[in-house]
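# Summary of the model geometry
Letter by letter, the chains look like this.
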Amino acid sequence: MRKKDDMSRQQHADKVFRDAMQSGRVSPILPLDTLVLLPQRRFAADGAAALREALDTRTSDRLEKESRLGLADLVEQLGVAPKNAELAEALNAGLPAQMIEAGITHPEGFPGLERWLRRSAMSADEQVPVGLDASQYLEVPTLAEHALNEGISLSVWPGPAPSGDAPACALDISAFISAEGLEAGLLHDTLSALPDLMPDETVMVIVHGVAAGALALGATDETSFVQKGRALCEALACLVSGWTLSAETAELLGASIADFKPVKGLRLAAMPLRASNETTFTPASDGLSGEVALVQAAEEAGASASPAAITSLLRLAPSAADELRETLHAGCDLDRLDGIDSDALNARGFSDEAVIRVRNALKEGLPLGAAFSRWVLGDDVIASRLKLAPESFDTDGRPLLRMIGFSDEEIVAADACVSSASETIAREVLLRHGITLPDPRAFEFAVAAPLAASGALVCIDASAWDEHADRSAALEAGIALYLRARNRGEDGAASDRMNAIMELAEDLHAEEARAITQMSLGADSFDETGKPARRTRLPDRRKGYIQKSTVGGHKVYLHTGEFADGALGEIFIDMHKEGAAFRSLMNNFAIAVSLGLQYGVPLDEYVDAFVFTRFEPAGEVTGNDRITKATSILDYIFRELAISYLGRDDLAELGDDVSHDGLGRGLKDGTREGPQPLPDEAVQFISRGFSRGQLPDNIVILERKRAERDEAASTAELDEDDDAEDYLGDPCPNCSSFTLMPTGDERVAHCATCNEPTRSESGFN
């Protein structure tokens, strides 16, 4: 009979515990080190030696990570399927032979090896803290601070640390509080289920949600938060230890003393929660921490208030809870962001519609990067108004904010404001109703000290405590400390030096490559910058034009030759009635210019060098429709080339409406808005210099017209039977056209050209 009762009690306990887990009031029963971060091993005899060993291990791990990332970069440069020659070069460049062999034997080849190296280097394994007792920590505070700065977490205990194998269950005390007060009966039933489920072991009950529970009980200021937080811890201590609850505490909790019957087989503890994949337990506040989560995780309808926040406002008035819900539902307002508000966005090119899109996205709970992404703003805003590439901001719009002028500090501040917007909004609502959340550090220490004095195991997260005296006081009060490793900041001097080294390495690599190329091609094959200069020869049959002019009474013939794309490639200068020496000098000057053009010298450089040079012959220019005066022969020649090939109308002396043949282009009579540019299909037939880059009025594109004519002919053939005219064979006596058509009278014919009737005495046959 007793065995049956035990089984029935265990089934009841199992049901009660499962209901509590589904409601989020407790976590599963797990080993203690799964729920909290405990030291990696028992305390070492020498705390300083343990810290130095941890520092050495940390340095080795960091170097190994950086080495793997470097090897991954080298392996990535090999490509998908490198050849033996490429692998030999990589071996000479420093890639270890073991890596090459690993890439050859890897099932996914070198790309798979590269991915494995990056994954193993970037994996962020949770670091188990180094354990120290209080005396060891107090003896080496400087070394301990150095370890924290180097990324090593510490766990400091005033006494023996608990075993990580002990069964434990985390409990959110705030989940047992309603508007009427603490539900002591439900709490007692839940705790009583633990010994029935683990009859042969002592279960560690780790309390969480103390600050959130104080809020739910109606705390409104620092003093009341501490009072109600201590009352909750005292109630749990009475349930576990069998003490009698004081009447004052029972009144604060809104419960009856008779509800607090002792539960055997339990031990009370308060420690920071460890993130674990084995549980989804998320209390409203962590351990004894004074930080209270007023907002739960965002849902489809937006952020929702936590039960503790709703319960605290319901104690004041139902309308207060409704106000919190409505305010959170409204979401984050764009104008809450410092620096990145609607006015700043409008000033940087955002339309009112784009601002509305961002505003709505933030109200729906999207983070800052998503609110400014392509899928919210749309291509019309990013491409048309901001003149940026939309595909660059598919998922994260924060780079877009940087590109339109916002600083990194403004973006980080706005991102943090959006992330904490719901919590900030909830705090403002509570503050309007007279509820001020406590200082986290003061609350935590004030609640932890009496709980530790009751015999409970207490550990608090003191990572934010900067004063060594505060930590010493906590250890003297019997409170263990968890000190989280600090993020190792980037060394500015080391970063600047590495950037300089990388730039120098790139320069040395470029010089080495240039030297190798010069040795293979010869020193004469390079320009001033060290880049190979290659001559581009003109086609054998080339376009160009001849311009005959006189400069100061001296006749000059300018002959040009063009590349296939219409660019200038050569010039010839002929002058008559000049001495042989001057003619030869001008001919050789033209050859030198032509060679420069074919080796890539821009025509702009020649124009800037020779325009407005002064020497005889100079003066009036005749025969050119755009230039009337010149200061020298070279001034005239390069002004003509600049006008014809570079569109430098600023060097011309006549209007823009004058064409190459001296005829107007109809700009002033309204027949055309501007000269037509030379189409690509016309370049192979028309000299770009002769037409001065514009399509002349009397030129048609043959291929286009031929296509149109062929299309019209094919259409006409299909309709030939229906549309063909039946003309007579005789010419019209009035206009001589063979377009005479018969009429009803055989003596009268009608001409389709001149519309004159024709009569004949003999008739038309």
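Residues numbered from 1 in each chain as written. Predicted model: local features only at pLDDT ≥ 70, side-chain atom pairs only at ≥ 80, totals over all residues. Heavy atoms only, no water.

### Some points on the pattern of salt bridges
Applying the stated criterion across every chain, the model contains 23 salt bridges. Glu570 serves as the salt-bridge partner of Arg542, at 2.8 Å between the closest nitrogen and oxygen. Within this pair, whereas Arg542 is found in the loop between helix 25 (492-521) and strand 11 (546-551), its partner Glu570 is found in strand 13 (residues 568-575), the two being separated by 28 residues in sequence. Owing to a relative accessible area of 37%, Arg542 belongs among the partly exposed residues under this scheme. Glu570 sits in the buried class, given a relative accessible area of 10%. Taken together, the shared-partner salt bridges connect Asp73, Glu76, Glu114 and Arg118 into one network. (Salt bridge = Lys/Arg side-chain N within 4 Å of Asp/Glu carboxyl O. Helix = DSSP H or I, 4+ residues; strand = E, 2+ residues; numbered from the N terminus. Buried < 20%, exposed > 50% of the residue type's maximum accessible area, 1.4 Å probe, protein only.)

### Considering the sheet that holds strand 15 (residues 629-630)
Pairing in this open sheet of five strands is antiparallel, and the strands run 13-12-11-14-15 from one edge to the other. Edge positions in the sheet fall to strand 13 and strand 15, since each has one partner strand and no second. The pairing of strand 12 (residues 554-562) with strand 13 spans seven bridges and is classified as antiparallel. Of the residues in strand 13, the one forming a bridge with Val556 is Met575. On top of the sheet, helix 28 (residues 633-646) reaches strand 11, strand 12, strand 13, strand 14 (619-622) and strand 15; it is set at about 35° to strand 12, its chief contact. (Pairing = 2+ DSSP bridges. Contact = heavy atoms within 4.5 Å. Axes fitted to C-alpha atoms, helices over the stretch in contact; angles between N-to-C directions.)

### With respect to the environment of Glu139
Considering the arrangement of structural elements, one finds Glu139 in helix 7 (residues 134-139). The exposed category is assigned to Glu139, whose relative accessible area is 62%. Considering only alpha carbons, one finds Glu139 and Gly47, 92 residues apart in sequence, at a separation of 8.6 Å.

### Observations concerning the packing of aromatic side chains
Per the counting criterion, the structure on display carries eight aromatic pairs. With a centroid separation of 5.0 Å and 25° between ring planes, the pair formed by Phe610 and Phe638 is classed as stacked. One end of the pair, Phe610, is in helix 27 (residues 603-610); the other, Phe638, is in helix 28, and 28 residues separate them in sequence. Under the relative-accessibility criterion, Phe638 is labelled buried at 0%. Clustering of aromatic rings is evident, with ring pairs tying together Phe589, Tyr606, Phe610 and Phe638. Sitting over the face of the ring of Phe406, Arg348 holds its NZ or CZ atom 4.1 Å from the ring centroid. (Phe/Tyr/Trp six-rings, centres within 6.5 Å; stacked < 30°, edge-to-face > 60°. Lys NZ or Arg CZ within 6 Å of the ring centre and 35° of its normal.)

### A few points about a negative patch on the surface
On the surface, a cluster of negative charge is contributed by Glu503, Glu506, Asp507 and Glu511. The class for Glu506 is exposed, based on a relative accessible area of 54%. (Patch = residues over 30% accessible without salt bridge, like charges linked within 9 Å, V, L, I, M, F, W, Y side chains within 5 Å. Areas by Shrake-Rupley, 256 points an atom, 1.4 Å probe, with all protein chains shown as cover. Lys, Arg positive; Asp, Glu negative; His and termini not counted. Charge placed at Lys NZ, Arg CZ, Asp CG, Glu CD.)

### Considerations on the confidence of the model for the protein
Per-residue confidence for the protein gives a mean pLDDT of 79; residues scoring 70 or more make up 81%. Note on residues 656-675: pLDDT under 50 across the span, and 39 contacts to partners over four residues away in sequence or across chains. Within the model, pLDDT remains below 50 along residues 761-765, and this stretch shows eleven contacts once partners closer than five positions in the same chain are excluded. (pLDDT = per-residue confidence, 0-100.)

### Re the sheet that holds strand 9 (residues 457-461)
Spatially, eight strands are ordered 1-4-7-8-9-10-3-2 in an open sheet, and the strand pairing comes out mixed. Each of the sheet's edge strands pairs with one partner strand only, and the pair in question is strand 1 (30-31) and strand 2 (130-133). Pairing between strand 7 (residues 203-208) and strand 8 (residues 266-270): four bridges, direction parallel. In the sheet register, Val203 faces strand 8, and the bridge partner there is Leu266.

### Some details on unusual backbone geometry
Across the chain, the bulk of peptide bonds are trans and the bulk of non-glycine residues have phi less than zero. Residue Pro617 follows Glu616 across a cis peptide bond; omega there is 0°. Residue position: Pro617 is located in the loop between helix 27 and strand 14. Of note in the backbone geometry, Phe612 takes a positive phi value of approximately 70° without being a glycine. Position of Phe612 among the secondary structure elements: in the loop between helix 27 and strand 14. By relative accessible area, Phe612 is classed as exposed at 51%.

### Some thoughts on the nonpolar core
In this structure, Leu182, Leu191, Leu288 and Leu324 are the most contacted members of the largest nonpolar core, which totals 99 residues. With eleven residues, the top contributor of residues to this core is helix 11 (residues 222-241). For this core, the two domains that each supply at least three residues are domain 1 (1-37 + 162-290 + 437-483) and domain 2 (295-433). Contacts of Leu191, omitting those with residues within four sequence positions, involve Leu171, Val205, Leu236, Leu239, Val263 and Leu266. (Core = buried A, V, L, I, M, F, W, Y, C linked by side-chain atoms within 4.5 Å. Domains from an automatic or database assignment.)

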